[in-house]
Amino acid sequence: MAERKYDVIIIGGGPAGLSAGLYTARARLKTLLIEKGAVGGMIINAGLVENYPGFADGVSGIDLTEAMHKQATKFGMEMLSAEVTGLKVDGKNKMITTPEGDFSAGAVIIAGGSERQKLDVPGEAEYIGKGVSYCATCDGAFFRDKVVAVIGGGNAAVAEALELVKFASKIYLVHRRHELRATKVVQEKAFTEKKIEFIWDTVVTAVLGEAFVKKIKLRNLKTNKESELAVDGVFVNIGSQPATGYLQGVLALDAVGAIVANDRMETGVPGVYAAGDIRSGSIRQTIGAAGDGAVAAVNAGKYLGE
Ligand SMILES: Cc1cc2nc3c(=O)[nH]c(=O)nc-3n(C[C@H](O)[C@H](O)[C@H](O)COP(=O)(O)OP(=O)(O)OC[C@H]3O[C@@H](n4cnc5c(N)ncnc54)[C@H](O)[C@@H]3O)c2cc1C
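Residues numbered from 1 in each chain as written. Predicted model: local features only at pLDDT ≥ 70, side-chain atom pairs only at ≥ 80, totals over all residues. Heavy atoms only, no water.

Can you explain the packing of aromatic side chains? Please cite residues and give values.
According to the stated counting rule, one finds four aromatic pairs in the structure shown. Considering the side-chain rings of tyrosine 52 and phenylalanine 55, the 6.4 Å spacing of their centres and the 45° angle between planes classify their relative orientation as tilted. In this structure tyrosine 52 comes out as buried when scored by relative accessible area, which is 16%. With a centroid separation of 4.9 Å and an interplanar angle of 50°, the aromatic rings of phenylalanine 191 and phenylalanine 198 are classed as tilted. (Phe/Tyr/Trp six-rings, centres within 6.5 Å; stacked < 30°, edge-to-face > 60°. Buried < 20%, exposed > 50% of the residue type's maximum accessible area, 1.4 Å probe, protein only.)

What follows is the structure, encoded as structure tokens:
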């Protein structure tokens, strides 16, 4: 495919990328957003987002990002479905590599968010799509009237357990600590939900089954006692890693691999910006990601105008 040239290329179509695209497209900058998966990013996993301003009764993550997508494309933002595998900077020219060919831009906004951490136990990889899932919104409906386990104790894990209440008959929330890390309001909802049972101080050591998942092996971290739990599905939500594998050696990354950027979202490489969960120090919330995207876009516009 021939090389194609844009003013701005945005990597990632979550809230940060979609907000950046709205601002750059509306500033009449020729903008391409490249997304490797579903448009909307991580927040499409949230059944109800209650802390994004402007929605008094909350909004589903899917509805919120569909509206963001529509708004940005209305102003001319182009989209490409592909995974970015490389970024090369040659002064004012930035080259983006994808399986669909190379693209160049004057400015690049990296809004790739993060990738789910795996349990890394026997059986996990084998049963992906056969009971092991990383997205309750995507896969929850397959578990109607079934028993599932959600692994994790942060906001995202508890949000997934609450999402699964719509489908599953029983949800075990397995957490390695004795208390949740989720926001208090989210915890209160989970504690009053009759279908959710908590298994504290416990980790998963294996996923077992036949054609599909049948049970998980557990180990209590306080007693070291091992046990088995019969489940039809396992939803893993134990944290995430910044999606920066292809940026090592190109940009400054912090100890966990997030991109180091200043309050103008500048990465240190002129014309390259970071926005959202992928940025070191991000609050890892949708409102923060959208704000970062706007800041990066405005500063990319200034850079291109210089
Ligand atoms: C279950 C759950 C519930 C949540 N609930 C809330 C909530 O109630 N309120 C709230 O504020 N936040 C919530 N969050 C957090 C919120 O989803 C994130 O903070 C937000 O989505 C971050 O946006 P982002 O655009 O920075 O990254 P992401 O949303 O992660 O989007 C990044 C996008 O970039 C794409 N991408 C990555 N690398 C590449 C590449 N190399 N090439 C092409 N595309 C790439 C990814 O596929 C992804 O679509 C929740 C998260 C989860 C998982």
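There is more to say, and it comes next.
I'd love a proper account of the state of the cysteines, names of residues and values included.
All chains considered together, the criterion is met by one disulfide. The residue that forms a disulfide with cysteine 135 is cysteine 138, at a sulfur-sulfur distance of 2.0 Å. Taking the torsion about the S-S bond as the criterion, the cysteine 135 to cysteine 138 disulfide, at about 75°, is right-handed. The exposure class of cysteine 135 is buried, given its relative accessible area of 9%. (Disulfide = S-S within 2.5 Å.)

Any details on the nonpolar core? Residues and values, ideally.
Ranked by size, the top nonpolar core spans 30 residues in total, and within it Ile109 and Tyr273 carry the most contacts. Secondary structure elements with two or more residues in this core: strand E1 (4-11), helix H1 (15-26), helix H2 (61-74), strand E6 (101-110) and helix H6 (286-305). Sorting elements by how many residues they give to this core places H6 first, with six residues. Contacts of isoleucine 109, omitting those with residues within four sequence positions, involve Val8, Ile9, Ile10, Ile11, Ala20, Thr24, Tyr273, Ala275, Ala296, Ala297 and Ala300. (Core = buried A, V, L, I, M, F, W, Y, C linked by side-chain atoms within 4.5 Å. Helix = DSSP H or I, 4+ residues; strand = E, 2+ residues; numbered from the N terminus. Contact = heavy atoms within 4.5 Å.)

An account of the pairing of strand E10 (residues 170-174) is needed here, citing residue identities and associated values.
For E10, the buried fraction is high: four of the five residues fall into the buried class. Note: strand E9 (residues 147-151) against E10, five bridges, orientation parallel. Bridge pairing in E10 places valine 150 opposite leucine 173. Once you follow E9 into helix H4 (residues 155-164) and on to E10, the crossover reads as right-handed. Sheet topology note: the E10/strand E11 (residues 196-199) ladder contains four bridges and is parallel. Across the sheet, leucine 173 pairs through a bridge with phenylalanine 198, a residue of E11. In this view, the connection linking E10 to its parallel neighbour E11 by way of helix H5 (residues 184-192) has right-handed handedness. (Pairing = 2+ DSSP bridges. Right-handed = clockwise from strand over helix to strand, strands pointing away.)

Outline the sheet that holds E9, listing residues and values.
Taking strand neighbours across the sheet as the criterion, the five strands line up as E8-E15-E9-E10-E11 in an open arrangement whose pairing is parallel. Whereas interior strands pair on both sides, the edge strands pair on one side only; in this sheet they are strand E8 (132-133) and E11. As paired elements, E9 and strand E15 (residues 233-236) share four bridges and run parallel to each other. In the sheet register, valine 148 faces E15, and the bridge partner there is glycine 233.

Can you lay out the side chain of arginine 116 for me, pointing to particular residues and giving the numbers?
Within the secondary structure layout, arginine 116 lies in strand E7 (residues 114-116). In terms of polar contacts, arginine 116 uses its side chain to reach the backbone carbonyl oxygen of tyrosine 134, at 2.5 Å. Among the polar contacts listed, one links the side chain of arginine 116 to the backbone oxygen of valine 236, at a separation of 3.2 Å. Those residues in contact with arginine 116 that lie beyond four places of it in its chain are Met42, Asn45, Tyr134, Cys135, Glu160, Val236, Asn237, Gly239 and Ser240. (Polar contact = N/O pair within 3.5 Å; in protein donor to acceptor, adjacent residues only side chain to side chain.)

Pulling in residues and values, what's your account of unusual backbone geometry?
Even without glycine at this site, arginine 28 takes up a positive phi of about 65°. On the secondary structure map, arginine 28 appears in the loop between H1 and strand E2 (31-35). For arginine 28, a relative accessible area of 63% corresponds to the exposed category. With a phi close to 55°, arginine 284 is a non-glycine residue in the positive phi region.

How would you sum up the site of the ligand? Please name residues and give values.
With respect to spatial proximity, 36 residues lie near the ligand, and among them Glu35, Met42, Asn51, Asp277 and Thr286 are the closest. Measuring from an oxygen atom of the ligand, one finds a backbone N or O atom of alanine 16 at 2.9 Å. Within the backbone of arginine 284, one N or O atom sits 3.2 Å away from an oxygen atom of the ligand. For the ligand, whose free accessible area comes to 1,000 Å², the fraction covered by protein is 92%. Sorting elements by how many residues they give to the shell around the ligand places H4 first, with three residues. (Near = heavy atom within 4 Å. Areas by Shrake-Rupley, 256 points an atom, 1.4 Å probe, with all protein chains shown as cover.)

An account of the packing of H1 against H2 is needed here, citing residue identities and associated values.
Contact geometry for H1 and H2: axes closest at 8 Å, N-to-C directions at 25°. With respect to their mutual orientation, H1 and H2 come out roughly parallel. Of the two possible hands of crossing, H1 and H2 adopt the one that is left-handed. On the side of H1, the interface is formed by Pro15, Leu18, Gly21, Leu22 and Ala25, while H2 contributes Thr65, Met68, His69, Gln71 and Ala72. (Axes fitted to C-alpha atoms, helices over the stretch in contact; angles between N-to-C directions. Parallel < 35°, antiparallel > 145°, perpendicular 65-115°, else oblique. Left-handed = near helix turned anticlockwise from the far one by under 90°.)

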